[in-house]
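# Fold and contact review
Below are the chains, spelled out letter by letter.
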Amino acid sequence: MTSSKQALAQPASSADAAPGSQPGAARGAHGRGAPGADSWRSRLYRWDMKASPYALIAPFFILFGAFSLVPLLYTAWYSLHDVQLSSLDRQTWAGLDNYKNLWASDFFWTALKNTFTIGVISTVPQLLAALGLAHLLNYRLRGSTVWRVVMLTPYATSVAAATLVFTLLYSWDGGMVNWILHFFGVDPVNWRESDWGSQFAVSSIVIWRWTGYNALIYLAAMQAIPTDLYESAALDGANRWQQFRHVTIPQLRPTILFTVVVSTIGATQLFGEPLLFGGVSGSKGGSEHQYQTLGLYMYDQGWIIGNLGKASAIAWSMFLILVIVAVINMLFTRRLRKSQ
């Protein structure tokens, strides 16, 4: 009897609770808070996980849309109209007339040819020199950090300062280049008026500014090549030149392709160097347009002559050229991956 009374006096345990009841529900209600609060926090957490990445990258896309996409579309709209710089509020629909007049202009094809020749003259020696310098710096040298900083200094120099120095070097009267040529029995060259001379002078500025930059890119890619490949090649009897040809170059193919594409884009948009090199006739690319690039031609048509419609057509023609270069790069990259 005593044990039965004690059993009746004790409260029901969780195991003896009534069916359907939740054990410790009262304690949970007071300890954790209402179930609705937990669901609200979980929804907030899920929303934060999904929306935070977009919020972090939103400033870039906002700035890109405001300062790149909108002007690009507005330029496309201008290219289909007859717009003069002196009367921007007067726009006459021209359709594709600006493009037709552009493609029928000899000045456009001259500028395109100059852009291509200057691009080849500046890009090929620049990348070859950068590859050689990176290969030298890849070995253990004393003061390698100092040499890397020295190589990057031309890139950090402003275009105006570099072009001014090279203009003095290529001066017709008293320039150091003609002074050196005089010792080899070569007559002085009028670098601004000569066709190939002016293009070579402009290309030399580009080579001087960008060789160190590309060399550091190649150097970073070379340092990522596994040393096991060089050790295996050395065991097979390959010297340094053979290691460079059969190990370094194949491993650098994606990087070389990247620098070629970037240099091609830069050559297509070349503007500051020829403009400052030409002085008064810089926008014309010389007295006979001998080094006028597409960038100079666009500037001349838009801001000197004032024909913004034609200048916009030139800008979109340059954009289409870059798209073609990008497509060629994509096809070449796919074939390169398949071959590997």
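Structural notes, computed from the coordinates. (Residues numbered from 1 in each chain as written. Predicted model: local features only at pLDDT ≥ 70, side-chain atom pairs only at ≥ 80, totals over all residues. Heavy atoms only, no water.)

### A short note on the pairing of strand β2 (residues 87–93)
Direction of pairing for strand β1 (residues 81–84) relative to β2: antiparallel, over a ladder of 4 bridges. Across the sheet, the residue bridging to Gln 84 is Ser 87, located in β2. Turn length for the β1-β2 hairpin, with the two strands adjacent in sequence and antiparallel, is 2 residues. (Pairing = 2+ DSSP bridges. Helix = DSSP H or I, 4+ residues; strand = E, 2+ residues; numbered from the N terminus.)

### A look at the environment of Gln 199
Mapped onto the elements of the fold, Gln 199 is located in helix α9 (residues 195–223). Taking the C-alpha atoms as reference, Gln 199 lies 9.9 Å from Gly 285; in sequence the two are 86 residues apart. Among all residues touching Gln 199, those that are not within four sequence positions of it are Asn 114, Thr 117, Ile 118, Ile 121, Gln 290 and Tyr 291. Among the polar contacts made by the side chain of Gln 199, one reaches the main-chain carbonyl oxygen of Gln 290 at a distance of 2.9 Å. (Contact = heavy atoms within 4.5 Å. Polar contact = N/O pair within 3.5 Å; in protein donor to acceptor, adjacent residues only side chain to side chain.)

### Comments concerning the packing of helix α14 (residues 294–305) against helix α15 (residues 308–339)
At a minimum axis separation of 7 Å, α14 and α15 run at an interaxial angle of 160°. When the axis of α14 is compared with that of α15, the two are roughly antiparallel. Crossing of α14 over α15 shows left-handed handedness. The residues of α15 that touch α14, namely those facing Leu 294, Gly 295, Tyr 297, Met 298, Gln 301 and Gly 302, are Leu 308, Lys 310, Ala 311, Ile 314, Ala 315, Met 318 and Ile 321. Grouping the amino acids of the contact of α14 with α15 by side-chain chemistry returns 9 nonpolar, 3 polar and 1 charged. (Axes fitted to C-alpha atoms, helices over the stretch in contact; angles between N-to-C directions. Parallel < 35°, antiparallel > 145°, perpendicular 65-115°, else oblique. Left-handed = near helix turned anticlockwise from the far one by under 90°. Nonpolar A, V, L, I, M, F, W, Y, C, P; charged D, E, K, R; others polar.)

### Examining unusual backbone geometry
With a phi angle near 55°, His 289 is a residue other than glycine that sits in the positive phi range. Accessibility expressed as a relative area gives 17% for His 289, which makes it buried. (Buried < 20%, exposed > 50% of the residue type's maximum accessible area, 1.4 Å probe, protein only.)

### A word on the nonpolar core
Ranked by size, the top nonpolar core spans 17 residues in total, and within it Leu 131, Ala 134, Tyr 218, Met 222 and Leu 252 carry the most contacts. Secondary structure elements with two or more residues in this core: α5 (106–137), α9, α10 (227–235) and α11 (240–251). (Core = buried A, V, L, I, M, F, W, Y, C linked by side-chain atoms within 4.5 Å.)

### Structural notes on the layout of surface pockets
A volume near 520 Å³ is recorded for the largest pocket. Of all the secondary structure elements, the ones that give two or more residues to the lining of the largest pocket are α5, α12 (253–268) and α15. It is α5 that provides the largest number of residues to the lining of the largest pocket, a total of 7 residues. Partitioning the lining of the largest pocket into residue classes produces 14 nonpolar, 6 polar and no charged. (1 Å grid on protein atoms, 1.4 Å probe; cavity = no way out; pocket = protein on both sides within 12 Å on 5 of 7 lines; lining within 4 Å. Points joined across faces, edges and corners; volume = space filled by probe spheres on them.)

### Quick word on the packing of aromatic side chains
Under the criterion given, the structure shown has 19 aromatic pairs. For the ring pair Phe 271 and Tyr 299, a centre distance of 5.4 Å and an interplane angle of 65° mean the geometry is edge-to-face. One end of the pair, Phe 271, is in the loop between α12 and α13 (272–278); the other, Tyr 299, is in helix α14, and 28 residues separate them in sequence. Residue Tyr 299 is classed as partly exposed on the basis of its relative accessible area, which comes to 28%. An aromatic cluster is built from Phe 166, Tyr 170, Trp 191, Phe 200 and Trp 208, whose rings are joined through pairwise contacts. Directly above the aromatic system of Phe 277 lies the positively charged group of Arg 192, at a separation of 5.9 Å from the ring centroid. (Phe/Tyr/Trp six-rings, centres within 6.5 Å; stacked < 30°, edge-to-face > 60°. Lys NZ or Arg CZ within 6 Å of the ring centre and 35° of its normal.)

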